Amino acid sequence: MRLVAFDSCDQLIADLRRAAKASVGPYGFGGGRPELLDGGVRVAQGAASKVDSAAEPAYSGTNVHESQADEPDLVKTDGRRIVTVGQGALRVVDVATRKETGSVDLGVPNAGQLQLLLTGDSALVLVPAGYERGFVGKTAEIDYGPQLLLVDLSGPPAIVSRYQGEGDLVDARMTGATARVVLRTTPRIQFPDSPTISDEKRRIAANRDAIDRAPADAWLPRWQVTDGAVTSAGKVDCGQVRRPTDYSGGSLVSILTFDLARSVLGGGDPVTVVADGDTVYATATSLYLASDQRWRFESFAGRAARPARQETDLYKFTFEGNQPPVYRAAGTVPGYLINQYAVSEWANRLRVATTDPKTDRSAVRVLNEQNGELVQTGAVDGLGKGERIYSVRFLGDRGYVVTFRQTDPLYSLDLSDPAKPKVTGELKITGYSAHLQPVGVDRLIGIGQEADGDGRTQGTQVSLFDVSDPAKPRRLARYQIPGGHSDAEYDPHALLWWPAANLLVTPVSTWNGQDSKSAALTLRVTDDIKLTGEVTHPTAAGYPSMIQRSLVAGNVLWTLSDAGLRASDLSTTAQLAWLPN
């Protein structure tokens, strides 16, 4: 598992074409949106955002995996202002006056979920790939790639630079004022539209012919950047592309680097790998890409007799300051990751938790970088036999893994010896935790679902675990919402832990068979879990507004939904202000 450069552009294209023909199915590769969106920048400016020179109040940040690797989200705050993105616009709210002070139309109608990163007076808005539909004499449908918008917040919010790429937005991380964005692209190949042909062998043969006819640079990602009235374009050079020993040829992954202290984005100095990467993990100095081939459908007739590997490939990159990442090592582990929390770097070693989909056996492996390879130094296997991993959390030299089928074993792991990681304790309870959140020394909150003895889920469950004794993890308390579901179960950004008040805020939606309800619950966590209040938003179009995010600035709890932004007293949850979208 080494990443190497291609000897030439001819070799790159020939090898990618060969791999693509072996992996293409009757309906193409699936995913990817390669076309660029043409059009100018549309800006609607509001009043200037006031910056108070007084001391900034305490405030919460996005609930992230690693503290020095910020993650994009729907809302950000620096303690003075709150910046949100949604419904095609960026809005700025002054924390002190609780009023909107500016907004800008991002020029992305009908875009999917927008996200942003915030540093100083700059915001980077991440726009996913998608479709724009409208009526101009007849139905118009435009397929466009991801966009990155640099917004200046020093005065009225204004877009100062727009990057338009290809493919799909995978994820991004920011350290200091430098953002690193990962894009996945598929080759620009027009597969034949054959709705009347049902024979899969014939469809695959036609798709392979299309691959043979594709131009030489069909696999090389392109982009264009607009700074003011000037637009420039570029594409990845053959010499920038690296390949592992095994790849599908169906996609490339590029890491782009942007210094947000500058007023222009540029081309991002892409570092490109021939891979199908879908998971990003980063620290303050390194970034890992995880790639597997779960997307393959081997049952199609005529497909090459090449079964998808039940493995995850890992690529390690390191970086300094605002420089592009440098490739360091690669490795492979059996099984699949559940999410980025299944990966953790500590003491120059990587810990990885995976489940083997064939055997439903899970393991935690410790890898060390040696001569360009991520080499296994130790492993603890056989976790949750017949089950799969539902959540993972690594904290220093300890790890916690939840597996589930009918009951929920919480495993406590000792990872201090990289050659001999071991299970030190196990707690079996009903239900499962889909996310594990540290809430102080030797305490974890698990948020997931309660379940009966047969594994049937019964509603949201918040559990408080005492893990001070590695041999005997125990549950101190739990809070259950029958029939409830929480976005925090699969998106940790939806969860807020405010240690100054021992306060946990989580969104929960319930359905009792007749009525639905959505609220942000405020839970006081000590040796127990007590409900102290709940926050709701006005209904929208007759439906409850689902609260997506919560944050704290000073003594105010702010909650965000598609309907608007609400300010509430942190102690009583009484409403202080409502700012509709």
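Residues numbered from 1 in each chain as written. Predicted model: local features only at pLDDT ≥ 70, side-chain atom pairs only at ≥ 80, totals over all residues. Heavy atoms only, no water.

## Examining the pattern of salt bridges
Here's step 1: Using the criterion set out here, one finds 24 salt bridges in the structure.
Here's step 2: Glutamate 345 is the salt-bridge partner of lysine 316, the closest N and O atoms lying 4.0 Å from each other. Separated by 29 residues along the polypeptide, lysine 316 in strand β21 (residues 311-318) and glutamate 345 in strand β23 (residues 343-346) bring together distant segments of the chain.
Here's step 3: Since its relative accessible area comes to 9%, lysine 316 is described here as buried.
Here's step 4: Residues lysine 517 and glutamate 534 are paired through a salt bridge, measuring 2.8 Å at the closest nitrogen-oxygen approach. With lysine 517 in strand β38 (residues 516-525) and glutamate 534 in strand β39 (residues 529-535), this residue pair connects regions lying 17 residues apart in the sequence. (Salt bridge = Lys/Arg side-chain N within 4 Å of Asp/Glu carboxyl O. Helix = DSSP H or I, 4+ residues; strand = E, 2+ residues; numbered from the N terminus. Buried < 20%, exposed > 50% of the residue type's maximum accessible area, 1.4 Å probe, protein only.)

## Considering the packing of helix α1 (residues 9-23) against helix α2 (residues 200-213)
Here's step 1: Closest axis-to-axis distance for the α1/α2 pair is 9 Å, and the angle between their directions is 170 degrees. It follows that α1 is roughly antiparallel to α2 by the angle criterion. Contacts between α1 and α2 involve Arg17, Ala20 and Lys21 from the former and Arg208, Ile211, Asp212 and Arg213 from the latter.
Here's step 2: Across the contact of α1 with α2, the residue classes tally to two nonpolar, no polar and five charged. (Axes fitted to C-alpha atoms, helices over the stretch in contact; angles between N-to-C directions. Parallel < 35°, antiparallel > 145°, perpendicular 65-115°, else oblique. Contact = heavy atoms within 4.5 Å. Nonpolar A, V, L, I, M, F, W, Y, C, P; charged D, E, K, R; others polar.)

## Some words on the nonpolar core
Here's step 1: Membership of the largest hydrophobic core comes to 39 residues, with the highest contact counts inside it found for Tyr163 and Trp219.
Here's step 2: Listing elements by their share of this core, those giving two or more residues are α1, β7 (122-127), β10 (147-152), β12 (168-175), β13 (178-185), α2, β14 (222-227) and β17 (252-259).
Here's step 3: Of all the elements, α1 adds the most residues to this core, at five residues.
Here's step 4: Every residue in contact with tryptophan 219, bar those within four places of it in the chain, is listed here: Ile13, Leu16, Arg17, Ala20, Pro187, Ile189, Ile211, Gly249 and Leu252.
Here's step 5: Core analysis: the next-biggest nonpolar cluster, separate from the first, contains 24 residues, Val364, Leu374, Val392 and Phe394 among them. (Core = buried A, V, L, I, M, F, W, Y, C linked by side-chain atoms within 4.5 Å.)

## Considerations on the sheet that holds strand β40 (residues 547-553)
Here's step 1: The sheet built from four strands is open, its strands ordered β40-β41-β42-β43 with antiparallel pairing. Here the strands that pair on one side only, and so sit at the sheet edges, are β40 and β43 (575-580). Strand after strand, the sheet turns through a mean of 15 degrees between neighbouring axes, direction not considered. (Pairing = 2+ DSSP bridges.)

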